[in-house]
Amino acid sequence: MRDASLIPSALIDAKAIAREYLSTSLPTVWRMRAAGKLPEPIKLSSQCLRWRRCDVEAWIAAGCPSQNNNGSDVVAPEPSEIRQSPLGSEVTR
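Residues numbered from 1 in each chain as written. Predicted model: local features only at pLDDT ≥ 70, side-chain atom pairs only at ≥ 80, totals over all residues. Heavy atoms only, no water.

*Asks:* Lay out the pairing of strand S2 (residues 42-45) with the relevant residues and their values.
*Replies:* Pairing of S2 with strand S3 (residues 48-52) involves three bridges; the strand directions are antiparallel. Note that in S3 the partner of Ser 45 across the bridge is Cys 48. Hairpin connection from S2 to S3: two residues lie between these consecutive antiparallel strands. (Pairing = 2+ DSSP bridges. Helix = DSSP H or I, 4+ residues; strand = E, 2+ residues; numbered from the N terminus.)

*Asks:* Outline helix H1 (residues 14-22), supporting the account with residue identities and numerical values.
*Replies:* Taken residue by residue, H1 has Ala 14, Ala 16, Ile 17 and Ala 18 as its buried positions. On its buried side, H1 packs onto strand S1 (11-12), helix H2 (26-34), S3 and helix H3 (53-61). Directly beyond the C-terminal end of H1, a positive phi value near 50° is found at Ser 23. (Buried < 20%, exposed > 50% of the residue type's maximum accessible area, 1.4 Å probe, protein only. Contact = heavy atoms within 4.5 Å.)

*Asks:* Which residues make up the sheet that holds S1, and what values go with them?
*Replies:* Within a sheet, each strand pairs with its neighbour through backbone hydrogen bonds, oriented either parallel or antiparallel. On the basis of which strands lie adjacent, the open sheet formed by three strands has the order S1-S3-S2 and antiparallel pairing. Whereas interior strands pair on both sides, the edge strands pair on one side only; in this sheet they are S1 and S2. Its contacts with the sheet put H3 on S1 and S3, and the angle it makes with S3 is roughly 60°. (Axes fitted to C-alpha atoms, helices over the stretch in contact; angles between N-to-C directions.)

*Asks:* So what's going on with the pairing of S3? Which residues, and what values?
*Replies:* With two bridges joining them, S1 and S3 adopt antiparallel strand pairing. Bridged to Leu 11 within S3 is Arg 52.

Set out below in structure tokens:
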């Protein structure tokens, strides 16, 4: 049998994501999934979700971006939106 870590398209479970990739607890992985912070899993059955290993590794390489871009993320202001206040500190419009 081949080592699953050598197969780029291998499917991994939440426990593997928690232990091998994020060094966190399993409940944290489920909270991250609920918040849309993980790549979209594959639903094998009503009780069985798996992630593609290559998707998780690409997500980590990209800096773990949030997958739900509903505008709730905090975005830094554009340089044109920053002006100096009379007291010398930066103020955003």
